[in-house]
Amino acid sequence: MPGHKRFAFNVIMNWIAMAVGMVVPFFLTPLVVHHLGPTGYGIWILAASTVSYLTLLDLGLRSAIIRFVSKADAQGNIEDAKKAIQATLWFRILVAAAIIVLSLVLAALFPYLFKFPPDLQRAAQITVLMCSLGVAVSMISGVFGAVLNAIQRFDVLSTIGMVQVIARAGGVVVILLTGHGLVTLAYWELAVALLSGAAFFGAALKLYPPCRVRVKRPDVATLKMIWSYSFTMFIIVIASQIVFSTDNMVVGAFLSVGLVTFYAIGGSLTVYSQQIVSSLSTTFTPMASGFEATGKLAELRRLLIRGTQASLALALPISLALFFRGKTFIGLWMGPSYSQISGTVLQILLISQFFTVANITASNIMFAIGKHKAVAKIAAIEAALNLGLSILLVKTIGIYGVAWGTSISMPIVHLIFWPRYVRKVLGIPVLQYLWEGWGKIALCSLPYAAVCALADRHWHPASKTMFFAQILVTLPVYFACIVFVFRKEAREQLRKWQQSRLVRATA
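Predicted, not measured: the structure shown is a model, and the values here were computed from it.

Rules used throughout
The residue count restarts for each chain, going from 1 along the sequence in the order it is written. This being a predicted model, a pLDDT of at least 70 is required before a residue's local features are given, and a value of 80 or more before pairs of side-chain atoms are given or counted; all residues contribute to the totals for chains, interfaces and linings. Note: side-chain values were computed over all heavy atoms of the structure, leaving out hydrogens and water. Numbering goes from the N terminus for both helices and strands, where a helix is a DSSP run of H or I of at least four residues and a strand is a run of E of at least two. Our radius of gyration looks at C-alpha atoms and nothing else; its globule reference is 2.2 Å times the residue count to the power 0.38. Exposed residues in this analysis have more than 50% of their type's maximum accessible area, buried residues have under 20%, and partly exposed residues fall in between, with area computed by a 1.4 Å probe over protein chains only. The contact definition used throughout considers only heavy atoms, calling two residues in contact when any of these lie within 4.5 Å. All accessible-area figures derive from a Shrake-Rupley calculation using a 1.4 Å probe, and residue coverage is judged against the displayed protein chains alone. Whenever a helix is involved, its axis is fitted only over the stretch in contact; in every case the axis is a line through C-alpha atoms, and angles between N-to-C directions fall within 0 to 180 degrees. In what follows, roughly perpendicular refers to angles from 65 to 115 degrees, roughly parallel to angles under 35, roughly antiparallel to angles over 145, and oblique to any angle outside these ranges. Each crossing is labelled by how the near helix is turned from the far one, with a counterclockwise turn of less than a right angle marking it left-handed and a clockwise turn marking it right-handed. Residues are sorted three ways: Asp, Glu, Lys and Arg are charged, Ala, Val, Leu, Ile, Met, Phe, Trp, Tyr, Cys and Pro are nonpolar, and all the rest, Gly among them, are polar. Here the expected length of a helix is defined as 1.5 Å per residue gap, with one fewer gap than residues. Ring pairs shown here join Phe, Tyr and Trp side chains whose ring centres sit within 6.5 Å, with only the six-membered ring taken for Trp; geometry is labelled stacked below 30 degrees between planes, edge-to-face above 60, and tilted in between. The term salt bridge refers to a pairing of a side-chain nitrogen on Lys or Arg with a carboxyl oxygen on Asp or Glu at a separation within 4 Å. Patch membership requires over 30% relative accessible area and the absence of a salt bridge. Like charges are linked within 9 Å, and nonpolar side chains (Val, Leu, Ile, Met, Phe, Trp, Tyr) within 5 Å. Counting rule for charge: Lys and Arg are taken as positive, Asp and Glu as negative, and neither His nor the chain ends is counted. For this purpose, a charge sits on NZ of Lys, CZ of Arg, CG of Asp or CD of Glu. A pair of cysteine sulfur atoms is labelled a disulfide when the two atoms are within 2.5 Å. Whenever a nitrogen or oxygen atom comes within 3.5 Å of another N or O atom, the pair is scored as a polar contact, on the condition that within protein one atom can donate a hydrogen and the other can accept it, and that pairs from neighbouring residues in sequence are kept only if both atoms are in side chains.

**Q** Can you walk me through the overall build of the protein chain in this structure?
**A** When helices and strands are counted, the protein chain shows 18 helices and 0 strands. Taking 2.2 N^0.38 as the reference for a compact globule, 507 residues should give roughly 23 Å; the C-alpha atoms of the protein chain span a radius of gyration of 23 Å, in line with that estimate. Principal-axis analysis of the C-alpha atoms places the extent of the protein chain at approximately 70 × 65 × 40 Å. Each of the 507 residues in the protein chain was classed as buried or not, and the buried ones make up 54%. For the protein chain, long-range pairs separated by at least 24 residues make up 84% of all intrachain contacts whose partners lie at least 6 apart in sequence. For the protein chain, the exposed area adds up to about 22400 Å²; of that, 69% sits on carbon and sulfur atoms.

Okay, structure coming up:
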């Protein structure tokens, strides 16, 4: 399949998987919250947030294997790809064994970390234990998922991901409707991890034969090569974990388990909207690695600008609709009691999300070309600032202070660091990056923002269906602005498409 067609196919498959990953939890979350209650759901969220720190033991190896396998594949160097896979698999098996031991310790300490009701402490321990064991399984199977990413088989990754989401959701519905609770949900989570891990393993072996390696200690040179890249990624992963996964834990530790549910509802909507961008931006990493391996600097620059524009173009209409109409939507989705608190948390977090999305393409490109040491340093600063502000502000303004800790720290770091770093590495002037990458799309979004604000003030939906219908009715305003601002680029792309069709017809 030609490169541009493969890219388009990958993006479409990622979007389909993303849609499934968003729609299923959208309908599933109210069922889970209402059956488990705010406290039970809070325990589930805290278990997931706590266990997510075990993924830090990956030590950046997933990014390393994507980097080295995609580069070796682009250069036709199969032996280097095999060495990278073998070394990563060997190391991750050791890490998985360590996670199994840590999971037992974590389960024993879990009731002492948060204020759980006495009758739910045992259920909380089993929940965190099963989720931890699921991480151990994913640690091994993730090697093969990373290989599929490196060879740009996002169609297979998306298919497995969709089946995993649907299977998990089907099991959750059956478990809750038959009267079972947290413990059974935790066992099912582990079962889904085992099944999806087997699927990644089988698919990678079939599609990329170099995956058929023996598990043995790799040579020192290979370990050094991988570690020099993965350690820097490890720092970035730690920082990201603090920024995106600590908020729920701060709420649970300083406020109450019940308030975690209110915070998680607002936070989950920002995650859903960011998944749309991630489904596009993840395809940039192996592409950028291939461009770098073949010396195509102009293609890297073009990928950065166009990728940034595409990421913001996808994210902004969703973010603006949620910012101005999020409270209304949460009231229809989860119930009026969650509307005010969760909606305000959502609005605060959406401020920071703009900067995350604006630089997500730049981040993926830097990871792909091995220019991520400076990114690790600035990510550590951002994480420390974020956590410090969240802890400070939660004591003064409560649950909203945790969200403001994120939304104050992120714009400061992203505005100071990223435009200058892009200029240094890729030679794109700061003003060009800000205007071409950020400014044009932001300009397109202003009329749509006004429409969303007016619609929420004067157009009150009676159901979720009517709410989404209103969104569809107002979206043409945004698309019209996009077409007007980018009319020159649109004409150029149309001209190239017509020329390519003429060439094919002549041939």
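**Q** What is the right way to read the packing of helix α2 (residues 61-75) against helix α3 (residues 78-113) from this model?
**A** Two measures define how a pair of helices packs: the angle their axes make with one another and the distance between the axes. Packing of α2 against α3 leaves a shortest axis separation of 8 Å and a crossing angle of 165°. Relative to α3, the element α2 lies roughly antiparallel. Between α2 and α3 lies a crossing whose hand is left-handed. On α3, the residues that touch Leu 61, Arg 62, Ile 65, Phe 68, Val 69 and Ala 72 of α2 are Asp 80, Ala 81, Ala 84, Ile 85, Thr 88, Phe 91 and Arg 92. Classifying every residue of the contact of α2 with α3 gives 9 nonpolar, 1 polar and 3 charged.

**Q** Help me understand helix α14 (residues 373-397), please; the structure alone is not making it clear to me.
**A** Think of an α-helix as 3.6 residues a turn; residues three or four steps apart then line up on the same face. Along its 25 residues, α14 runs 36 Å from first to last C-alpha, staying within 8% of the 36 Å computed at 1.5 Å per residue. Listed as buried for α14 are Val 375, Ala 376, Ile 378, Ala 379, Glu 382, Ala 383, Asn 386, Leu 389, Ser 390, Leu 393 and Val 394. Buried positions along α14 lie against α7 (220-245), α8 (247-254), α13 (360-368) and α15 (399-426). In the stretch just after α14, Gly 398 is the one whose phi turns positive, near 75°.

**Q** When you look at the packing of helix α11 (residues 297-333) against helix α17 (residues 464-485) in this model, what are you seeing that I'm missing?
**A** Between α11 and α17, the shortest axis-to-axis distance is 11 Å and the interhelical angle comes to 150°. Relative to α17, the element α11 lies roughly antiparallel. Between α11 and α17 the crossing geometry is right-handed. Where α11 abuts α17, its residues Leu 312, Ala 313, Leu 316, Pro 317, Ala 321, Arg 325, Thr 328, Phe 329, Leu 332 and Trp 333 lie against Lys 464, Phe 467, Phe 468, Gln 470, Ile 471, Leu 475 and Tyr 478.

**Q** I'm lost on the environment of Ala 97 in this one. Help?
**A** Here Ala 97 is to be found in helix α3. Residues Ala 97 and Met 139, 42 residues apart in the sequence, show an inter-C-alpha distance of 9.9 Å.

**Q** Please clarify how the environment of Gly 437 should be interpreted in this entry.
**A** Within the secondary structure, Gly 437 is located in helix α16 (residues 430-458). Gly 437 sits in the buried class, given a relative accessible area of 0%. Among residues more than four places away in sequence, those in contact with Gly 437 are Thr 308, Gln 309, Leu 312 and Gln 432.

**Q** Would you explain the packing of aromatic side chains in this entry?
**A** Aromatic ring pairs: the centre-centre distance and the angle between the two ring planes describe each pair. Following the criterion strictly, the structure yields 17 aromatic pairs and no others. Judged by centre distance (5.1 Å) and plane angle (80°), the ring pair of Phe 323 and Phe 324 falls under edge-to-face. Given the relative accessible area of 28%, Phe 323 is considered partly exposed. Owing to a relative accessible area of 29%, Phe 324 belongs among the partly exposed residues under this scheme. Seen from their ring centres, Trp 418 and Tyr 421 are 6.2 Å apart, and the 75° between their planes marks the pair as edge-to-face. Taken together, the residues Trp 418 and Tyr 421, both in helix α15 and 3 residues apart, mark about one turn of the helix. Like Trp 418, the residue Tyr 421 is buried in the burial classification. Through pairs of rings, three or more aromatic residues link up here, namely Phe 329, Trp 333, Phe 467 and Phe 468.

**Q** Would you explain the pattern of salt bridges in this entry?
**A** A side chain of one charge can pair with a side chain of the opposite charge if their charged atoms are brought near each other. By the definition in use, this model includes 5 salt bridges. For Glu 299, the salt bridge is made with Arg 302, and the minimal N-O distance between the two is 3.0 Å. Note that Glu 299 and Arg 302 are positioned in helix α11 at a spacing of 3 residues, about one turn of the helix.

**Q** Please clarify how the side chain of Thr 270 should be interpreted in this entry.
**A** Structurally, the position occupied by Thr 270 is in helix α9 (residues 257-281). Contacts of Thr 270, omitting those with residues within four sequence positions, involve Leu 346, Leu 349, Leu 350 and Gln 353.

**Q** Could you clarify how one ought to interpret a nonpolar patch on the surface in this entry?
**A** Side chains of Ile 351, Leu 385, Ile 397, Trp 404, Ile 408, Ile 412 and Ile 416 sit close together on the surface and give an oily, nonpolar patch of about 560 Å² of accessible area. Only α14 and α15 provide two or more residues apiece to the nonpolar patch. With 4 residues, α15 is the single largest residue contributor to the nonpolar patch. Its location among the elements puts Ile 412 in helix α15. When its relative accessible area of 42% is taken as the criterion, Ile 412 is described as partly exposed.

**Q** Before we go on, may I ask you to explain a positive patch on the surface in this structure?
**A** Among the surface-exposed residues, Lys 371, Lys 373, Lys 377 and Lys 424 lie close enough to one another that they form a single positively charged patch. By the element assignment, Lys 373 lies in helix α14. Overall, Lys 373 belongs to the exposed group, its relative accessible area being 57%.

**Q** What exactly am I supposed to notice about the state of the cysteines here?
**A** Any covalent bond linking the sulfur atoms of two cysteines counts as a disulfide. Scanning all chains against the criterion turns up 0 disulfides. Of all cysteine sulfurs, the one in Cys 444 lies closest to Cys 481, which takes part in no disulfide; the gap is 6.3 Å. Since its relative accessible area comes to 17%, Cys 481 is described here as buried.

**Q** Teacher, can you tell me more about the side chain of Ser 339 here?
**A** Within the secondary structure, Ser 339 sits in helix α12 (residues 336-358). Look at Ser 339 and you get buried, because its relative accessible area is 16%. Here the side chain of Ser 339 touches Lys 327 through a polar contact of 2.8 Å, landing on its backbone oxygen.

From the geometry alone we can't say anything about function, so treat these as descriptive.
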